[in-house]
Amino acid sequence: MTPADATTVSADLFSRAQQVIPSGVNSPVRAFGSVGGTPPFLTSAQGALLHDADGRDYVDLVGSWGPMILGHAHEPVVEAVRDAAGRGLSFGAPQSGEVALAEEVVSRIAPVEQLRLVNSGTEATMSALRVARAATDRDVVVKFAGCYHGHVDALLAEAGSGVATFAMPGSAGVTAATARDTVVLPYGDRAAVSALFAARGGEIAAVITEAAPANMGVVPPREEDGIGFNRFLAETAHASGALLISDEVLTGFRASREGYYGVDGEGWTPDLMTFGKVIGGGLPVGAFGGRKDLMGLLAPAGPVYQAGTLSGNPLATAAGLATFAELDETAYATLASTSRALQQMVADALTTAGVPHVIQNAGTLFSVFFREQPVTGYDDAKMQDTEAFTRFFHAMLDAGVYLPPSAFEAWFVSTAHTPEVLDRIADALPGAAKAAASA
Ligand code: PMP
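Residues numbered from 1 in each chain as written. Predicted model: local features only at pLDDT ≥ 70, side-chain atom pairs only at ≥ 80, totals over all residues.

Novice: Please clarify how the overall build of the protein chain should be interpreted in this entry.
Specialist: Helix and strand counts for the protein chain come out as 16 helices and 15 strands. Here the protein chain has a C-alpha radius of gyration of 21 Å; the compact-globule value for 439 residues is 22 Å, and the two agree. A burial count over the protein chain gives 52% of its 439 residues as buried. Long-range pairs, those at least 24 residues apart, make up 75% of the contacts in the protein chain with a sequence separation of at least 6. (Helix = DSSP H or I, 4+ residues; strand = E, 2+ residues; numbered from the N terminus. Rg over C-alpha atoms; globule rule 2.2 N^0.38 Å. Buried ≥ 20, exposed ≤ 12 C-beta atoms within 10 Å, placed from the backbone. Contact = placed C-beta atoms within 7 Å.)

Right, dumping it as structure tokens:
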């Protein structure tokens, strides 16, 4: 089968999908809008491999955008979910898995004293914001350009991820009042943060930041005079009575065993943190947590309402717990060496083909920018050769490697990316690098 024939079933499904689902997808980046072409419709996945409706398989470097850190259909996780399913799909009442999952997170992440489970990262950040506003009795939220915190109204301005992929300034449908309460600053710009707090410190409820931005590509926070950007934000916010929300939906339990906080958490403490992805092992889970006094503001004890029919779902907590059970230091050492090996392979191939690039990482997470100079923020991230990326992406896909379909996304490895799997990527890279070079 030629690649053109091979996409027939996916192409048919995509055209059917477009009749009944906007743009044929339930989350924008999946539509391949910025890279063009038909997204493969997947039928199954196992380990590091994806299988599509046309009988092709791909080495997966998306990992469902983060959750599949142990690889797909990992037997102990599947078994835990099967077992839980046999005991009931949803109770809408307390169950022990919720307690165990919250205990696991609290034991790993020092600033998290209490935790609520929700169903997505979006819900987590939305709820954390509400708590921060209630705790401070202030309205303004500060975010950074290129950071993505889910599709929360207040957090879509100059957001990363799909908002960046499609070069959208924000989203229609967000009220002017909501937009007015969000201040967007350039990532890493301490002078801008200080100036804003000097002028409006008394109005600011919280600063929210990705612990290490990874939705404009990976842009690790930088130190200045021995003080990391996260610590600077915590100190600046606290000096004005504002809170710091550290969003670890993507980095949590991936960048290290303790998330990016485990890499960078020296001398600062976020007030609230948000999680998602890995915490649910592939089922829909998010979480927000932090200081006990702040989490105590939640209903029914406190005045901040937050709830969910499926929150703390027994299948989801079973998947999360089974995933955590394997995420020990050995697993992180494997992820780190796999990630390093892959970065080196990509760098070698692109260098050999003469393709300008820079690879940046945060813990085991990394991304590849198609430009020469380091990326320190969203303006830099936008200045890359996205056409070279598109050629690279399609050549990789044709050769059986499934990359994130956007130059603004991190690449995700799993513990199932064995040396044999890496060899398949190595085979694909030289041709793809050549394609990227051929303008
Ligand atoms: N915060 C960050 C840092 C994220 O990366 C994401 C999703 N990529 C979200 C929040 C939103 O999570 P979800 O897609 O589960 O709503």
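Novice: What should I look at first to understand the packing of helix α8 (residues 190-200) against helix α9 (residues 229-239) in this one?
Specialist: In a pair of packed helices, the angle between the axes and the distance between the axes together describe the arrangement. Where α8 meets α9, the axes come as close as 10 Å, and the angle between the chain directions of the two elements is 10 degrees. Between α8 and α9, the interaxial angle falls into the category roughly parallel. Along its contact with α8, which presents Arg190, Val193, Ser194 and Phe197, the element α9 presents Phe232, Leu233 and Thr236. Residues that form the contact of α8 with α9 fall into these classes: four nonpolar, two polar and one charged. (Axes fitted to C-alpha atoms, helices over the stretch in contact; angles between N-to-C directions. Parallel < 35°, antiparallel > 145°, perpendicular 65-115°, else oblique. Nonpolar A, V, L, I, M, F, W, Y, C, P; charged D, E, K, R; others polar.)

Novice: Would you mind showing me how to read α9 here?
Specialist: The periodicity of an α-helix, 3.6 residues per turn, causes residues three or four positions apart to be oriented the same way. Residues of α9 that are buried include every one of Phe229, Asn230, Phe232, Leu233, Ala234, Thr236 and Ala237, and no others. On its buried face, α9 sits against α8, β7 (204-210), β9 (227-228), β10 (243-247) and α10 (261-264). Remark: Gly241 follows α9 within two positions and exhibits a positive phi of approximately 75 degrees.

Novice: I would appreciate a short explanation of the packing of helix α13 (residues 329-352) against helix α16 (residues 419-437) in the present structure.
Specialist: For the pair α13 and α16, the least separation of the axes is 8 Å and the interaxial angle reads 25 degrees. As judged from the angle between their axes, α13 and α16 are roughly parallel. Handedness of the α13/α16 crossing: right-handed. Packed against α13, whose contacting residues are Thr338, Ala341, Leu342, Met345, Val346, Ala349, Leu350 and Thr352, the element α16 presents Leu422, Ile425, Ala426, Leu429, Pro430 and Ala433 at the interface. Considered class by class, the residues forming the contact of α13 with α16 number twelve nonpolar, two polar and no charged. (Left-handed = near helix turned anticlockwise from the far one by under 90°.)

Novice: Sorry if this is basic, but what is going on with the site of the ligand here?
Specialist: Residues in close proximity to the ligand total 16 residues, the closest being Gly121, Thr122, Gly150, Val249 and Leu250. The element that contributes the greatest number of residues to the shell around the ligand is helix α5 (residues 121-136), accounting for three residues. (Near = placed C-beta within 6 Å.)

Novice: Would you take a moment to explain the environment of Ala333 for this structure?
Specialist: Its location among the elements puts Ala333 in helix α13. Given 11 C-beta atoms within 10 Å, Ala333 falls into the exposed group.

Novice: What is the right way to look at unusual backbone geometry in this model?
Specialist: Across the junction of Ala299 and Pro300, the peptide omega takes the value 10 degrees, indicating a cis bond. With respect to the helices, strands and loops of the structure, Pro300 is situated in the loop between α11 (292-295) and α12 (314-326). In this structure, Phe32 takes a positive phi of about 60 degrees despite not being glycine. Mapping Phe32 onto the fold places it in the loop between α2 (8-20) and β1 (42-46). Since 21 C-beta atoms lie within 10 Å of it, Phe32 is described here as buried.

Novice: How do you make sense of the UniProt feature "modified residue: N6-(pyridoxal phosphate)lysine" (unreviewed entry) in the protein chain when you look at a structure like this?
Specialist: UniProt marks Lys277 with the feature "modified residue: N6-(pyridoxal phosphate)lysine" (unreviewed entry), using the numbering shown here. Relative to the helices and strands, Lys277 resides in the loop between β11 (272-275) and β12 (286-290). With residues up to four places along the chain from it excluded, the contact list for Lys277 reads Trp65, Gly66, Pro67, Gly121, Val249 and Leu250. (UniProt positions renumbered as here; feature names shortened; annotations may be inferred.)

Novice: Where do I start with α12 in this structure?
Specialist: In this model, α12 (13 residues) spans 19 Å end to end at C-alpha, consistent with the 18 Å of a helix rising 1.5 Å per residue. Those residues of α12 lying buried are Pro314, Leu315, Ala316, Thr317, Ala318, Ala319, Gly320, Leu321, Ala322, Thr323 and Phe324. As for α12, its buried residues are in contact with α3 (75-86) and α4 (96-108). (Expected span 1.5 Å × (residues − 1).)

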